[in-house]
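One-letter residues, chain by chain:
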Amino acid sequence: MRAVIQRVSQARVSIDGDVIGSVGRGFAILLGVGRGDGEEQVERLWSKIFKMRIFEDADGKTNLSLADVGGEVLVVSQFTLYASCRRGNRPSFTDAGAPDEAKRLYEAFVARARKDVPRVETGEFGAMMEVSLVNDGPFTIVLDTDEL
């Protein structure tokens, strides 16, 4: 499972011009599910994200977690995080999870996040979406459960 986590002051996701999810201060998470991922990866990835201390404290040091700042979360599915460009110029997505299983694990990740965070908004799995955000920093972290 892979995630691109951006510390944001605001973020939103739209479909056909209609905002379907928006958050204030917190994280915008682009989430990709790979072949072979399961519940263990959901738990490991969320646990790492939730505990990351990437918000500034009173001294300006990145020392505070999402919970410490009362942050919100926007989660958007993005299978393209599993793109491989090793051969040719057209990306291959064979390492991405099968759509039905990827959707199940995406929903499991969102449900897990909602246990810890009062406001978790989402995109729509499989839809063409527009994501807008203000990256606070900028501060962006890329995580892969194969490396955690």
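Report on the accompanying structure. As the structure is a prediction and not an experimental result, all values here were calculated from the model.

Brief notes about the overall build of the protein chain
Within the protein chain, the regular secondary structure consists of three helices and eight strands. Reading the protein chain from its N end, one meets helices and strands in the order β-β-β-α-β-β-α-β-α-β-β. The C-alpha atoms of the protein chain give 15 Å as radius of gyration, which agrees with the globular expectation for 148 residues (15 Å, within 12%). Projected onto its principal axes, the C-alpha positions of the protein chain cover 50 × 35 × 30 Å. The buried share of the protein chain, taken over its 148 residues, is 43%. At a minimum sequence separation of 6, the contacts of the protein chain that also span at least 24 residues come to 72%. On the protein chain, roughly 8300 Å² of surface is accessible, and the fraction owed to carbon and sulfur atoms is 45%. When the 19 positive and 23 negative side-chain charges of the protein chain are each reduced to one mean point, those points stand 3 Å apart.

Here's the deal with the packing of aromatic side chains
Each aromatic ring pair is summarised here by two numbers: the centre-to-centre distance and the angle between the ring planes. If you walk through the whole model with that rule in mind, you get five aromatic pairs. Between Tyr106 and Phe125, the ring centres sit 5.8 Å apart and the planes meet at 45°, which makes this aromatic pair tilted. You can see Tyr106 sitting in helix α3 (residues 99-116) and its partner Phe125 sitting in the loop between β7 (120-122) and β8 (130-144), a full 19 residues away along the chain. Under the relative-accessibility criterion, Tyr106 is labelled buried at 4%.

Re the pattern of salt bridges
The final tally for this structure, using the stated rule, is ten salt bridges. Residues Arg44 and Glu40 are paired through a salt bridge, measuring 2.8 Å at the closest nitrogen-oxygen approach. Of this pair, Arg44 and Glu40 both sit in helix α1 (residues 39-51), four residues apart, which is roughly one turn of the helix. Look at Arg44 and you get partly exposed, because its relative accessible area is 26%. With a shortest N-O distance of 4.0 Å, Arg119 and Glu72 are connected by a salt bridge. Taken together, the residues Arg119 in the loop between α3 and β7 and Glu72 in strand β6 (residues 72-77) connect sequence positions 47 residues apart.

Re the side chain of Asp144
Mapped onto the elements of the fold, Asp144 is located in strand β8. Beyond its immediate stretch of four places on either side in the chain, Asp144 contacts Met1 and Arg2.

Overview of the pairing of β6
Most of β6 is tucked away: six of the six residues are buried. Taking every second residue as pointing to the same face, both faces of β6 are buried, with Glu72, Leu74 and Val76 on one and Val73, Val75 and Ser77 on the other. As defined by bridge partners, strand β3 (residues 26-32) adjoins β6 across six bridges and the pair is classed as parallel. Opposite Leu31, over in β6, you have Ser77 as the bridge partner. In the sheet, β6 pairs with β7 via three bridges, with the strands oriented parallel. From the neighbouring strand, Val73 faces β7, where its bridge partner is Val120. Note that the unit made of β6, α3 and β7 has a crossover that is right-handed.

The rules behind these values
Residues numbered from 1 in each chain as written. Predicted model: local features only at pLDDT ≥ 70, side-chain atom pairs only at ≥ 80, totals over all residues. Heavy atoms only, no water. Helix = DSSP H or I, 4+ residues; strand = E, 2+ residues; numbered from the N terminus. Rg over C-alpha atoms; globule rule 2.2 N^0.38 Å. Buried < 20%, exposed > 50% of the residue type's maximum accessible area, 1.4 Å probe, protein only. Contact = heavy atoms within 4.5 Å. Areas by Shrake-Rupley, 256 points an atom, 1.4 Å probe, with all protein chains shown as cover. Lys, Arg positive; Asp, Glu negative; His and termini not counted. Charge placed at Lys NZ, Arg CZ, Asp CG, Glu CD. Phe/Tyr/Trp six-rings, centres within 6.5 Å; stacked < 30°, edge-to-face > 60°. Salt bridge = Lys/Arg side-chain N within 4 Å of Asp/Glu carboxyl O. Pairing = 2+ DSSP bridges. Right-handed = clockwise from strand over helix to strand, strands pointing away.

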